[in-house]
Amino acid sequence: MSSSPAFIGTADLASRLTSPDVRVVDVRWELDDETAGERAYAAGHIPGAVYLSWLRDLSSDTDPIQGQLAEPERFARVLGAAGVGPDTTVVAYDDGGIYMAARLVWALRQYGHAKAHVLDGGLPAWRREGRPITGEVIEPGPREYPVPLARDLRATKDDVIAALDQGGTAIVDCRMDATYGAAGAHIPGATRLPAPVLFDGDGLLRAPADLRELAERAGIERDRPAILYCGGGISASAAFVALREIGFDRLRVYDGSWTEWGADPATPKESH
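Description of the structure in this document.

How each quantity is defined
Residues numbered from 1 in each chain as written. Predicted model: local features only at pLDDT ≥ 70, side-chain atom pairs only at ≥ 80, totals over all residues. Heavy atoms only, no water. Buried < 20%, exposed > 50% of the residue type's maximum accessible area, 1.4 Å probe, protein only. Helix = DSSP H or I, 4+ residues; strand = E, 2+ residues; numbered from the N terminus. Contact = heavy atoms within 4.5 Å. Arc of directions from axis to C-beta. Pairing = 2+ DSSP bridges. Core = buried A, V, L, I, M, F, W, Y, C linked by side-chain atoms within 4.5 Å. Polar contact = N/O pair within 3.5 Å; in protein donor to acceptor, adjacent residues only side chain to side chain. Right-handed = clockwise from strand over helix to strand, strands pointing away. Axes fitted to C-alpha atoms, helices over the stretch in contact; angles between N-to-C directions. Parallel < 35°, antiparallel > 145°, perpendicular 65-115°, else oblique. Left-handed = near helix turned anticlockwise from the far one by under 90°. Nonpolar A, V, L, I, M, F, W, Y, C, P; charged D, E, K, R; others polar.

1. Some points on helix H9 (residues 234–244)
Burial analysis of H9 places 10 of its 11 residues in the buried class, the great majority of the element. Taken as a whole, H9 has its buried residues at Ile234, Ser235, Ala236, Ser237, Ala238, Ala239, Phe240, Val241, Ala242 and Leu243. Those residues of H9 that are buried are in contact with strand S1 (7–8), helix H4 (100–110), strand S5 (116–119), helix H8 (208–217), strand S10 (226–229) and strand S11 (251–254).

Listed below in structure tokens is the structure:
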């Protein structure tokens, strides 16, 4: 597997499932039940996979906005305990409902870990093909993971405010339609690219030509910076990895997204 693609297929993973330099990570999650993903993992998962929880393991435990990216020290500690080293190829998967695999891959790349990939189609694709599932919970040998340096793939509220003031940066709303509609408002000037449209009915990433057309409709240009946001940084991460797959490399994810923006009376909002 190349270190550059954000997505890999089930056959590619199956061929390297027992490789010591590959760590599969199950990150299934349900918004209304914080332990549902872990229970699903215990009931059946891809052999050799470890489970990491979005809130418990991968998010900051000090930030007032729930679900923000874990600090470098915490992130390194969790990865090392999961058997991930700086040269490990990480393959993340979910069940296609909440894009947690994309969230983990974005987080890894924010911290400079290039060998990070989303399993295309997730666990549903793996199951459809009759590939092995196990209930065996492994205890990976811990690895040393150096505290990473952050890259510039994460945007803050101040970054978004500056982008609005200065112009020249596309602001893209990636919320699912139901979430978008329920909020009733968006960041002023934001265009729409709902993350689900980037995937087909089987949860597989759409063809490059389709992705380019969707990006063009949303006003995203290859040579223009863009900040992606959603409700809590998850759907925006899915859009991030999907567009990176076709060469859009001037993207950032607004981590706080509408959870932070909408709650701040000082931030400008625009009704749909």
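Still to come is the rest of the account.
2. Some words on H8
Because an α-helix packs 3.6 residues into every turn, residues spaced three or four apart end up facing the same way. Residues of H8 that are buried: Leu211, Leu214 and Ala215. Down the axis of H8, the smallest arc covering the buried residues is 100 degrees, so these residues share one side. More than 90 degrees from the buried face of H8, the exposed residues found are Glu216 and Arg217. The inward-facing, buried residues of H8 abut H9. A positive backbone phi angle near 75 degrees is found at Gly219, which sits one or two residues after H8.

3. What about the sheet that holds strand S3 (residues 50–51)?
Spatially, 5 strands are ordered S1-S5-S4-S2-S3 in an open sheet, and the strand pairing comes out parallel. Because the sheet does not close on itself, it has two edges, and the strands there are S1 and S3. The pairing of S1 with S5 spans 2 bridges and is parallel. Pairing of Ile8 across the sheet is with Leu119, part of S5.

4. Description of the nonpolar core
As a rule of thumb, nonpolar side chains are buried together in soluble globular proteins. In terms of nonpolar packing, the biggest core is built from 77 residues, with Leu13, Ile46, Phe75 and Ile220 touching the most fellow members. Not counting residues up to four positions away in its chain, the partners in contact with Leu13 are Ile8, Val22, Val24, Ile46, Val91, Leu119 and Trp126. Membership of the second largest hydrophobic core comes to 12 residues, among which are Ala155, Ile227, Tyr229 and Trp258.

5. Observations concerning the environment of Arg103
In this fold, Arg103 is placed in helix H4. Its relative accessible area of 4% is what places Arg103 among the buried residues. For Arg103, the residues in contact, after removing those within four places along its chain, are Trp54, Gly67, Gln68, Leu69, Gly232, Gly233, Ile234, Ser237 and Asp255. Polar side-chain contacts of Arg103 include one of 2.7 Å to the side chain of Asp255.

6. Looking at the pairing of S10
In S10, alternate side chains face the same way, and those of Ala226 and Leu228 on one face and Ile227 and Tyr229 on the other are all buried. Strand direction decides the pairing type here: strand S7 (residues 170–173) and S10, joined by 4 bridges, are parallel. Bridging from a neighbouring strand, Val172 pairs with Leu228 of S10. One ladder, built from 3 bridges, connects S10 with S11; its direction is parallel. Its bridge partner being in S11, Ile227 is matched across the sheet by Arg252. You can see the chain leave S10, run along H9 and come back into S11, and the turn it takes is right-handed.

7. Thoughts on the packing of H4 against H9
Interhelical geometry of H4 versus H9 gives an angle of 70 degrees and a closest axis separation of 8 Å. When the axes of H4 and H9 are compared, the pair comes out roughly perpendicular. Between H4 and H9 lies a crossing whose hand is left-handed. Contact residues: H4 offers Met100, Ala102, Arg103, Val105 and Trp106, while H9 offers Ile234, Ser237, Ala238, Phe240 and Val241. Per-class residue counts for the contact of H4 with H9 are 8 nonpolar, 1 polar and 1 charged.

8. Regarding the sheet that holds strand S6 (residues 154–155)
Read across the sheet, 5 strands follow the order S6-S11-S10-S7-S9 without closing on themselves; strand pairing throughout is parallel. At either end of the open sheet lies a strand with only one pairing partner, and these are S6 and strand S9 (191–192). As defined by bridge partners, S7 adjoins S9 across 2 bridges and the pair is classed as parallel. Following the sheet pairing, Val172 is matched in S9 by Thr191. Contacts from H9 reach S10 and S11 within the one sheet, and its direction differs from that of S11 by about 170 degrees.

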